[in-house]
Amino acid sequence: MRRTSFHGRKWRRRTAPRRGSRGAKPYLILMAAGIIGTLAGIGSTLDHRGWRAMAAPRYDAVVSGCDVVDGDTLRCGGERIRLVGIDAPEMPGHCRPGRDCAPGDPYAATATLSAMVRASMPIERYGEDKYGRTIAALEGANGDLSCAQLRGGSAIYKPQWDDALHVARTCPDVIA
């Protein structure tokens, strides 16, 4: 029994894709473009130090009313915030015996951070430290506060404290 279409044509089974203008399947072109784009991007995901680069920080909230506690800690309302990836000099009497504290002038580090704090600032939270402080990145008057403290020599970089490699990807030029 021969099957025919509505217009009287024979039905036939296709065994190969059509050739000509419709031969290339759009999804194959998109897949090839995606693969090429991914391969082209692989070289850009690593910088010269081998850090895995990621997208720019995505600040997901805003904090306001912040006061500086010391060179790497702020209090914004009832939330204590520790800047990600850095260690600033401790105030006198705050460096426990046996701890390797950051060198420098704690008063200068605190003043430098105070000068960069704005009335409201974008924040990207990473979690909490053992003291219950929020580990976060904040964007102040001079950009990212951790990076600004490093650029000004008011803090040192601590890779073990750099959650999601925030500092390494945001300001790789200032870490040694």
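What counts as what
Residues numbered from 1 in each chain as written. Predicted model: local features only at pLDDT ≥ 70, side-chain atom pairs only at ≥ 80, totals over all residues. Heavy atoms only, no water. Salt bridge = Lys/Arg side-chain N within 4 Å of Asp/Glu carboxyl O. Helix = DSSP H or I, 4+ residues; strand = E, 2+ residues; numbered from the N terminus. Buried < 20%, exposed > 50% of the residue type's maximum accessible area, 1.4 Å probe, protein only. pLDDT = per-residue confidence, 0-100. Contact = heavy atoms within 4.5 Å. Pairing = 2+ DSSP bridges. Arc of directions from axis to C-beta. Polar contact = N/O pair within 3.5 Å; in protein donor to acceptor, adjacent residues only side chain to side chain.

Visitor: Please explain the pattern of salt bridges as it appears in this structure.
Guide: Pairs can form between side chains of opposite charge whenever their charged atoms are close. Throughout the structure, instances matching the rule amount to 7 salt bridges. Of the charged contacts in the structure, one is a salt bridge between Asp72 and Arg82, with a shortest N-O distance of 3.1 Å. Note that Asp72 is positioned in the loop between strand 2 (66–70) and strand 3 (73–76) and Arg82 in strand 4 (residues 79–83), a separation of 10 residues in sequence. Arg82 shares its class with Asp72; the two are buried. Asp87 is the partner of Arg82 in a salt bridge, and the nearest nitrogen-oxygen pair spans 3.4 Å. Comparing Arg82 with Asp87, the two get one shared label, buried.

Visitor: Would you take a moment to explain the confidence of the model for the protein chain for this structure?
Guide: Caution applies to low-pLDDT parts of the model: their predicted coordinates are not meant to be read in detail. Counting all residues, the mean pLDDT for the protein chain is 79, and 67% of those residues have values of 70 or more. Highest mean pLDDT in the protein chain belongs to strand 4 (97); lowest belongs to helix 1 (residues 26–42) (53). Across residues 38–55, where pLDDT falls below 50, the model places 18 contacts with residues more than four positions away in sequence or in other chains.

Visitor: Would you mind showing me how to read the pairing of strand 4 here?
Guide: Moving residue by residue along a regular strand, the side chains alternate between the two faces of the sheet. Judged by how many residues are buried, strand 4 sits mostly within the fold: 4 of 5 residues are covered. With 4 bridges joining them, strand 3 and strand 4 adopt antiparallel strand pairing. Residue pairing across strands places Leu74 opposite Ile81, the latter belonging to strand 4. Here strand 3 folds back onto strand 4, and the loop between the two strands holds 2 residues, one of which, Gly77, carries a positive phi near 65°.

Visitor: So what exactly am I meant to see when it comes to helix 2 (residues 106–116) here?
Guide: Because the α-helix completes a turn every 3.6 residues, residues three or four places apart line up on one side. Within helix 2 the residues assigned to the buried category are Pro106, Ala109, Thr110, Leu113 and Met116. Buried positions in helix 2, seen along its axis, are confined to an arc of 125° and lie on one side of it. Relative to its buried face, helix 2 has exposed residues pointing more than 90 degrees away, namely Tyr107 and Ala115. Contact partners of the buried residues in helix 2: strand 2, strand 3, strand 4, strand 7 (134–140) and helix 3 (145–151). Taking the backbone nitrogen of Tyr107 as reference, a side-chain oxygen 3.0 Å away marks Asp105 as the first, capping residue of helix 2.

Visitor: Mind showing me how you'd approach unusual backbone geometry here?
Guide: Both trends apply: most residues other than glycine have a negative phi, and most peptide bonds are in trans. Positioned with a positive phi, Ala164 is a non-glycine residue whose angle comes to about 55°. Its place among the elements puts Ala164 in the loop between strand 9 (156–157) and helix 4 (166–170). Even without being a glycine, Leu165 presents a positive backbone phi close to 50°. The residue Leu165 is located in the loop between strand 9 and helix 4 in this model. Residue Leu165 is classed as buried on the basis of its relative accessible area of 19%.

Visitor: Honestly, the environment of Asp60 in this entry has me stumped. Any pointers?
Guide: Topologically, Asp60 is positioned in the loop between helix 1 and strand 1 (61–64). Distance in space between the C-alpha atoms of Asp60 and Glu124 is 5.7 Å, their sequence separation being 64 residues. Once residues within four sequence positions are removed from consideration, Asp60 is found in contact with Ile123, Glu124 and Arg125.

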